[in-house]
Amino acid sequence: MSIIDAPQTAARPDREMVAMENFFSIAEARNDRWRELNAAAQVWASNGRGVSAARDRAVRLFAEIAPIEDYWAYPGPILMRTLKEALDALDAGVFAHLAQKVGRALLSGSYRHDPSAWDPYQEVSRLAPDVLPPDTVGVDGHRPYFEVLIVTPNDPVHWEEGRKQIERLRRQEDAFSYHVVQVGSFEDAALAVIFNGDIQAVVIYDGFTFGSRHDMPLLRDQLTRNLKIEPTSFTGEGRGLGTRLARLAKNFRPELDIYLLTDRSVETLATTEEASAIRRIFFDVEELLEIHLSIMDGISDRYRTPYFSNLVHYSQRPMGTFHALPVARGKSVFRSNWIRDMGKFYGTNIFLAESSATTGGLDSLLEPTGNIKTAQQLAARAFGAHRVYFATNGTSTSNKIVVQALCAPGDIVIVDRNCHKSHHYGFVLSGAQPLYVEAFPLTEYSMYGAVPLRTIKKALLDLKAEGKLDRVKLVDLTNCTFDGHMYNTQRLMEECLAIKPDLIFLWDEAWFGFARFSPLHRRRTAMGAAKGLEEKYRDPAYRKRYEAQTAELGHLEPDDPRLLDAHLLPDPDQVRIRVYQTNSTHKSMSAFRQGSMILIWDEDFPHVEGTFQEAFLAHTSTSPNLQLIASLDVARRQMELEGYELTMRMTGLAIDIRDRINAHRLISKYFRAATVEDMIPAEYRGSGLKDYGPPHSSWRDVLNAWDEDEFALDPTRLTLLCGEAGFDGTQFKGLLAERFDIQINKTSRNSVLVQININNTRGDAAHLIKALNELSRDIEERLRLNGDPERQAFAARVRSLTVEVPDLPNFRAFHDAFRDDPNSATNEGHMRAAFFRAYDESKCEFVKLNSREVDDRLKNGPALVSANFVIPYPPGFPIMVPGQIITEDIITFMRKLDVKEIHGYAAAYGLKVLKPELLGKTKVDLGL
Ligand SMILES: Cc1ncc(COP(=O)(O)O)c(C=O)c1O
């Protein structure tokens, strides 16, 4: 059975290799096959010529690889043909030699720079692999390498000639080098774009056919289901296929440069919507050199890092500085008797690249007019936003900037109480009133999920019923959450906009910046959704649907439950798309720590640009770190050129790790990767998807779920449950660090969060799995050797971690003193007033958590009202905010908490509360 025909849900045939049926991990699976092929070939060769089991294995593996090799430039037709000839001629020696050559070149990436890797008869030169740090390799003379996909109607017998023709145009002085991949059909082109992350440009010659020349039922099926490529919808398309292909490729990988060669009227075509995905249109084949130059130009455009490059240039110029910053140019360091080690450790460049000047081409982050401005524009293009602002104090600051820019005192913000503390501080700063909405709890794991759409709609409809909708400015949510819950961003915004068409959204995508570059995750991002909504509301068919819904539901009162059940549609004439996203670029891309971006898609930005600037200036240091800004510029370059490959690889790796942990006989006794089913209650998972990867689900199932379900789980954020092993999260985190040098991020009572990033390798995965295996073996051994008392103690510990978990407390209400109308059904409050009230010590008191006074006051009053934020870490969300009434379940939760770090609470003093007798009853008492 070939890889292509393997049923999607079949159990893995060979657990040593990434399964080929994992459609989006085919590049990894392919590398595995080459490695295995090489191993089989070596065995065959050492056994001598002729037929053997090793040769049979080589034949089988070669047959698996061959059909998909058309989608990569390397090893290419010549090497593949030579391999096939050696296999057929039973020439084990030649076959083994070539299989090894190709396998090594693929593994090290040497084919990108070494012409001998392409020639069956040349020895491979010994080049340093690309994986070492550049300063350990000596002179780095490599030009970046990429592949160009050519889609051609020509007969395959002419392909070699065509390839040579275009490759002949490459010149030594080109900044980049490339090789060509040729395909002859729509289906093959789509598959090449999906499989081959090295493809950066697509040249489409109009007139090709739809169907692949390969017989590939499974891949065809995948195209139909995953990319909605229905063969029947293409019949009779003829030359129109070129623009259809361009749009499909651009949709899947927006960074690609697409060129079309056609004999249609190019002047007319250039002005149509059809051509919007195409970078340049050429008339037929008249301009081959122009095509080559355009390809180079397109890559340069993405490679360009105006700020970083200028900083490099600046660092190389002799410069006398009479500014602040003595470390600039290293002079206070290199000449020092005492701190030369600082210079040695950080190296020369970092000092040469330091300056406090904004002249000399360095531009100013506070008011960019030069290369920072351009770098931000390039980032906007890359991340699919209208505008981007760089920020150098993390997303903690980006969030405060956005909240303060958009909200004035008295505005209402619908916000997930579980969001990062920077949002809450943003409300204190701006005077906006938070209306806290609750995420669904995952009590078992002591964590929250995300806020159901129904809860948000209910809050909006209640506000509407009370005539307060005009005060609602913002819906503020975290996507994805720390633990990987991804919202259905498009659906959520759509339904909220149906209730208030000018609502603004702030999506805190601190962890999710990478998602733009993954065609799988993109559908769940803020910017992806903004684009989707804009396109949708332009469509005349949408207007008809909206009108039909208005006729049906338009007359309903806001408290009518039918509004909660219906999928509400906004008025296309009223709706404004106003979306802000903040992301910690440093958390998921190659930026230095604290590097963050604010992405903006706001049709009404000109109306808030002034307040945005104010907020930006209020929060941005007048000495922003140049290296951070430069790293944001470079991170953007990387993602625009290899973000697709990196994000696909990390997703594949994450799914593989999940599967290996949960399918392992011993490990899964004590540890488990929480599945989709564990993390998302069934009511939010209409698709019924339970877990990722075969045998649980096919990619089609996953994508359907990601398109339709209310919440989806980002597989790269892996909750590793450790309660069954008797470890609490903090203890397990410490153990992994001390014994195995494995660092993880967040913990909960009975889990740790393993985050798979663009930097993770299969070696890292193996290291983690090995550690889990060793720990599981230790537990088995301990339980076996120490008899019943140990087993009973272990069982009790496990029970306390997994069964006796405290209920998660909800936000009940602000004290009436901090509410405009104590009788209101909506619970927004004057948190800022409460916050500043605590500045007056005489108005605060402390009560001990375990005291009788607390129990008395819970029962008989007066109410306990928190004077400040109390944020236990973990789980890291505020269980108390200033002005909030402290309820019994909060006290119970606090008493059961066994974490040491609780921000805003010192056990020696007790809970800081506002004195009830000085609270007053209304906002007038507070002077509001
Ligand atoms: C959801 C969320 N938003 C914002 C932040 C703050 O980001 P930064 O560390 O870049 O300041 C974090 C940090 O963990 C976070 O989890």
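A brief structural summary. Source: prediction; values computed, not measured.

**Re the overall build of the protein chain**
Then, in step 1: Each helix and strand in the protein chain was counted, giving 33 helices and 24 strands.
Then, in step 2: Taken over C-alpha atoms, the radius of gyration comes to 30 Å for the protein chain, in line with the 30 Å a tight globule of 928 residues would show.
Then, in step 3: Dimensions of the protein chain, computed from C-alpha atoms along their principal axes, come out at roughly 95 × 80 × 75 Å.
Then, in step 4: Restricting the contact set of the protein chain to residue pairs at least 6 apart, pairs at least 24 apart contribute 72%.
Then, in step 5: With the model as given, the accessible surface of the protein chain reaches about 39100 Å², and the carbon-plus-sulfur share is 51%.
Then, in step 6: Taken together, the 111 basic and 126 acidic charged side chains of the protein chain have centroids lying 4 Å from each other.

**Some thoughts on the site of the ligand**
Then, in step 1: Every residue near the ligand is listed here: Gly394, Thr395, Ser396, Asn399, His420, Thr478, Asp508, Ala510, Trp511, Ser584, His586 and Lys587.
Then, in step 2: Threonine 395 is positioned with one of its backbone polar atoms (N or O) 2.8 Å from an oxygen atom of the ligand.
Then, in step 3: Residue tryptophan 511 places a side-chain N or O atom 2.8 Å away from an oxygen atom belonging to the ligand.
Then, in step 4: Where the shell around the ligand is concerned, the elements lending two or more residues are helix 16 (394-406) and helix 23 (585-588).

**Focus: the nonpolar core**
Then, in step 1: If you look at the biggest cluster of nonpolar residues, it comprises 263 residues, and the most contacted ones within it are Phe95, Leu149, Tyr580, Phe612, Phe671, Phe732 and Met894.
Then, in step 2: Counting residues per element, this core draws most heavily on helix 25 (residues 626-663), which supplies 15 residues.
Then, in step 3: Sequence-distant contacts of phenylalanine 612, that is, excluding residues within four places in its chain, are made with Tyr389, Ile401, Val402, Ala405, Tyr580, Ile598, Ile600 and Phe605.
Then, in step 4: Within the second largest apolar cluster, 20 residues are counted, among which are Val148, Ile150, Ile295 and Leu641.

**A word on the pattern of salt bridges**
Then, in step 1: Evaluated as defined, the whole model comprises 63 salt bridges.
Then, in step 2: Between arginine 762 and glutamate 28 there is a salt bridge, with its nearest N and O atoms 3.2 Å apart. Within this pair, whereas arginine 762 is found in helix 30 (residues 762-802), its partner glutamate 28 is found in helix 1 (residues 26-47), the two being separated by 734 residues in sequence.
Then, in step 3: Of the residues examined, arginine 762 reaches a relative accessible area of 31% and is grouped as partly exposed.
Then, in step 4: Judged by relative accessible area, which is 19%, glutamate 28 ranks as buried.
Then, in step 5: Aspartate 820 is the partner of arginine 471 in a salt bridge, and the nearest nitrogen-oxygen pair spans 3.4 Å. One end of the pair, arginine 471, is in the loop between helix 18 (453-465) and strand 11 (472-478); the other, aspartate 820, is in the loop between helix 30 and helix 31 (831-837), and 349 residues separate them in sequence.
Then, in step 6: For aspartate 820, a relative accessible area of 30% gives the class partly exposed.
Then, in step 7: Here the residues in one salt-bridge network are Asp257, Arg279, Asp297, Asp301, Arg302, Arg304, Arg381, Asp633, Arg636 and Glu640, joined through shared partners.

**Regarding the environment of glutamine 574**
Then, in step 1: Examined against the element boundaries, glutamine 574 turns out to sit in the loop between helix 22 (561-565) and strand 14 (578-583).
Then, in step 2: Here glutamine 574 falls in the partly exposed class, since its relative accessible area comes to 46%.
Then, in step 3: It is 6.0 Å that separates the C-alpha atoms of glutamine 574 and proline 501, two residues lying 73 residues apart in sequence.

**Thoughts on the pairing of strand 8 (residues 433-437)**
Then, in step 1: Here strand 8 lies mainly inside the structure; 5 of its 5 residues are buried.
Then, in step 2: On strand 8, burial covers both faces: Gln433, Leu435 and Val437 on one face and Pro434 and Tyr436 on the other are all buried.
Then, in step 3: By the bridge criterion, 5 bridges tie strand 7 (residues 412-416) to strand 8 in an arrangement that is parallel. Within the sheet, the bridge partner assigned to isoleucine 414 lies in strand 8 and is leucine 435.
Then, in step 4: You can see the chain leave strand 7, run along helix 17 (residues 421-430) and come back into strand 8, and the turn it takes is right-handed.

**Things to note about the sheet that holds strand 4 (residues 257-262)**
Then, in step 1: The 5 strands lie next to each other as 2-1-3-4-5, forming an open sheet whose pairing is parallel. Unpaired on one side and paired on the other, strand 2 (177-183) and strand 5 (280-283) mark the two borders of the sheet. When strand polarity is set aside, the average angle formed by the axes of neighbouring strands in this sheet is 20°.
Then, in step 2: Of the pairings in the sheet, the one linking strand 1 (residues 145-151) to strand 2 comprises 7 bridges and is parallel in character. Bridge pairing in strand 2 places valine 151 opposite valine 183.
Then, in step 3: Packed on one face of the sheet, helix 8 (residues 241-252) meets strand 1, strand 3 (199-205) and strand 4 and runs near 180° to strand 4.

**Topic: the sheet that holds strand 7**
Then, in step 1: The 7 strands lie next to each other as 6-15-14-13-11-7-8, forming an open sheet whose pairing is mixed. At either margin of the open sheet sits one strand with a lone partner, and together these are strand 6 (387-391) and strand 8. The average undirected angle you get between the axes of adjacent strands in this sheet is 20°.
Then, in step 2: Against the sheet, helix 24 (residues 605-619) contacts strand 6, strand 14 and strand 15 (596-602), and its axis sits at roughly 5° relative to strand 6.

**Describing the environment of valine 870**
Then, in step 1: With respect to the helices and strands, the residue valine 870 is situated in the loop between helix 32 (852-860) and strand 22 (871-873).
Then, in step 2: Since its relative accessible area comes to 2%, valine 870 is described here as buried.
Then, in step 3: Put simply, valine 870 and tyrosine 389 are 481 residues apart on the chain and 31 Å apart in space, counted from C-alpha to C-alpha.
Then, in step 4: Setting aside residues no more than four positions away along its own chain, valine 870 makes contact with Phe877, Pro878, Ile879, Met880, Met894, Ile902, His903, Gly904 and Tyr905.

**Some thoughts on unusual backbone geometry**
Then, in step 1: Across the junction of tyrosine 74 and proline 75, the peptide omega takes the value 5°, indicating a cis bond.
Then, in step 2: You can see proline 75 is positioned in the loop between helix 2 (53-69) and helix 3 (76-88).
Then, in step 3: Of the consecutive residues asparagine 479 and cysteine 480, the connecting peptide bond is found in the cis state with omega at -10°.
Then, in step 4: With respect to the helices, strands and loops of the structure, cysteine 480 is situated in the loop between strand 11 and strand 12 (485-487).
Then, in step 5: Positive phi is not limited to glycine here, since arginine 329 has a value of about 65°.
Then, in step 6: Topologically, arginine 329 is positioned in the loop between helix 11 (306-315) and helix 12 (331-334).
Then, in step 7: Given the relative accessible area of 8%, arginine 329 is considered buried.
Then, in step 8: A positive phi angle, close to 55°, is found at aspartate 741, a residue other than glycine.

**Brief notes about the packing of aromatic side chains**
Then, in step 1: The final tally for this structure, using the stated rule, is 42 aromatic pairs.
Then, in step 2: Ring centres of tyrosine 259 and phenylalanine 282 lie 6.4 Å apart, and the angle between their planes is 40°; this geometry places the pair in the tilted category. Of this pair, tyrosine 259 sits in strand 4 while phenylalanine 282 sits in strand 5, and the two are 23 residues apart along the sequence.
Then, in step 3: Judged by its relative accessible area of 0%, tyrosine 259 is buried.
Then, in step 4: Measuring from centroid to centroid gives 5.4 Å for tyrosine 487 and tryptophan 507, while their planes differ by 65°, and the two rings are edge-to-face. Of the two residues, tyrosine 487 is situated in strand 12 and tryptophan 507 in strand 13 (residues 504-508); the sequence distance between them amounts to 20 residues.
Then, in step 5: According to the relative accessible area criterion, tyrosine 487 is buried, its value standing at 1%.
Then, in step 6: Pairwise contacts between aromatic rings join Tyr425, Phe835, Phe836, Tyr839 and Phe869 into one cluster.
Then, in step 7: A cation over an aromatic ring shows up here: arginine 30 above the ring of tryptophan 72, its NZ or CZ 4.0 Å from the ring centre.

What counts, and at which threshold
Throughout, residues of each chain are indexed from 1 in the direction in which the sequence is written. In view of the model being predicted, local features appear only for residues whose pLDDT reaches at least 70, and side-chain atom pairs are presented and counted only at 80 or more, with totals across whole chains, interfaces and linings using the full set of residues. Hydrogen atoms and water are omitted, and side-chain values are computed over all heavy atoms in the structure. A run of H or I in DSSP becomes a helix once it reaches four residues, and a run of E becomes a strand once it reaches two; helices and strands are each numbered from the N terminus. Here the globule rule reads 2.2 Å times residues to the power 0.38, and the radius of gyration is calculated from C-alpha atoms. What makes two residues a contact is simply this: any of their non-hydrogen atoms within 4.5 Å. All accessibility values rest on the Shrake-Rupley procedure with a 1.4 Å probe; residue burial counts only the protein chains present in the view. By the counting rule applied here, Lys and Arg register as positive and Asp and Glu as negative, while His and the ends of each chain are not counted. Every charge is mapped to an atom, namely NZ of Lys, CZ of Arg, CG of Asp or CD of Glu. Any residue with a heavy atom lying within 4 Å of a molecule or strand is counted as near it. Polar contact is defined as a pair of N or O atoms within 3.5 Å, subject to the rule that within protein one atom must be able to donate a hydrogen and the other to accept it, and that residues adjacent in sequence are counted only when both atoms are side-chain atoms. In this description, a nonpolar core means a group of buried Ala, Val, Leu, Ile, Met, Phe, Trp, Tyr and Cys residues linked to one another through side-chain atoms lying within 4.5 Å. A simple rule labels every residue: compare its accessible area, found with a 1.4 Å probe on the protein chains alone, to the largest value its type can have, and call it buried under 20%, exposed over 50%, or partly exposed in between. Counted as salt bridges are all cases of a side-chain nitrogen of Lys or Arg within 4 Å of a carboxyl oxygen of Asp or Glu. For two strands to count as paired, DSSP must find a minimum of two bridges between them. For the handedness criterion, the strands are oriented away from the viewer, and a crossover whose path from the first strand over the helix to the second runs clockwise is classed as right-handed. Axis geometry follows a simple rule: fit a line to the C-alpha atoms, using only the stretch in contact for helices, then measure angles between N-to-C directions, giving values from 0 to 180 degrees. Within 6.5 Å between ring centres, the rings of Phe, Tyr and Trp (the latter by its six-membered ring) count as paired, and their orientation is classed by plane angle as stacked under 30 degrees, edge-to-face over 60, tilted in between. As a reminder, the over-ring test applies to NZ of lysine and CZ of arginine, requiring each to be within 6 Å of the ring centre and within 35 degrees of the ring normal.

From the geometry alone we can't say anything about function, so treat these as descriptive.
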